[in-house]
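Residue-level listing of the chains:
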Amino acid sequence: MSFASNPARKMVMALTGQAMVLFVAVHLLGNLTIFFGDLNAYAASLAGMPCIQWPVRIFMSVMLCLHIYLGVIITLENRGAKPDSYAISAHLKSTFAGRNMIWTGSIIAAFLVYHLLHFTFQVIYPEFSAVRRVDSYGRPDVFMMVVESFSRTAVSAAYMTGLAGLGLHLLHGLQSSIQTLGLNNDRMLPIVVKSGAIASLAIFLSYSAIPVAIITGISKH
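No experiment lies behind these values; they were computed from the predicted model shown.

Conventions we followed
Residues numbered from 1 in each chain as written. Predicted model: local features only at pLDDT ≥ 70, side-chain atom pairs only at ≥ 80, totals over all residues. Heavy atoms only, no water. Axes fitted to C-alpha atoms, helices over the stretch in contact; angles between N-to-C directions. Helix = DSSP H or I, 4+ residues; strand = E, 2+ residues; numbered from the N terminus. Parallel < 35°, antiparallel > 145°, perpendicular 65-115°, else oblique. Left-handed = near helix turned anticlockwise from the far one by under 90°. Nonpolar A, V, L, I, M, F, W, Y, C, P; charged D, E, K, R; others polar. Expected span 1.5 Å × (residues − 1). Buried < 20%, exposed > 50% of the residue type's maximum accessible area, 1.4 Å probe, protein only. Arc of directions from axis to C-beta. Contact = heavy atoms within 4.5 Å.

> Describe the packing of helix α8 (residues 153–180) against helix α9 (residues 189–215), and please don't skip the residues or the numbers.
Between α8 and α9, the shortest axis-to-axis distance is 8 Å and the interhelical angle comes to 170°. Judged by the inter-axis angle, α8 sits roughly antiparallel to α9. Note that α8 runs across α9; the crossing there is right-handed. Considered class by class, the residues forming the contact of α8 with α9 number 19 nonpolar, eight polar and no charged.

> Kindly report on helix α6 (residues 101–120), identifying the contributing residues and their values.
Along its 20 residues, α6 runs 26 Å from first to last C-alpha, staying within 8% of the 28 Å computed at 1.5 Å per residue. Those residues of α6 lying buried are M101, T104, F111, H115, H118 and F119. Viewed along the axis of α6, the buried residues span an arc of 110°, placing them on a single side of the element. Looking at the packing, one finds that the buried side of α6 touches α1 (6–31), α5 (96–99), α7 (142–150) and α8. In the stretch just after α6, Q122 is the one whose phi turns positive, near 55°.

Laid out in structure tokens, this is it:
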């Protein structure tokens, strides 16, 4: 099957999407140490493993670029053919999330740039930057950077908007990618749909819990 063919592109689209979902899930577990562990220790351990961190970053960058490129190509192709940009079968009904994948994807892309500039490169709100101050153990104080950033309503609102886009994108994307990989029969469809909905909701709520807890004062430092 040639990569130039539509089914091949959709297969690669599904695989790159699944790789990014796995990354999002693993990244979430690390972020939740703000509630159930030591966020500064987690951040310090990541910074101390460049031999793992950089290959993962490069790999995920390739996955992201492929996913975006194929998403645009498939969307343009399908505009003149059929409304569903992802699934290779007609099992999935047209939904708001499915019809707006290109827009929720655009929201995620903008959010990703903002997130990297904010917490990775720390050029947004540099006064809260973790690299400018340390905790009692001499580690960059990522915890306080997160708390002080999300204490600003505008920052929390920006993150919640990005997370809403992510949740909607996953709502359709998880179901569609699994179907594209072969689980598209009538017996499996209800399981695929429910599992995708549960997973996307769980990811949205878990990530959202961090800014919500901080801005409402539930999470104290």
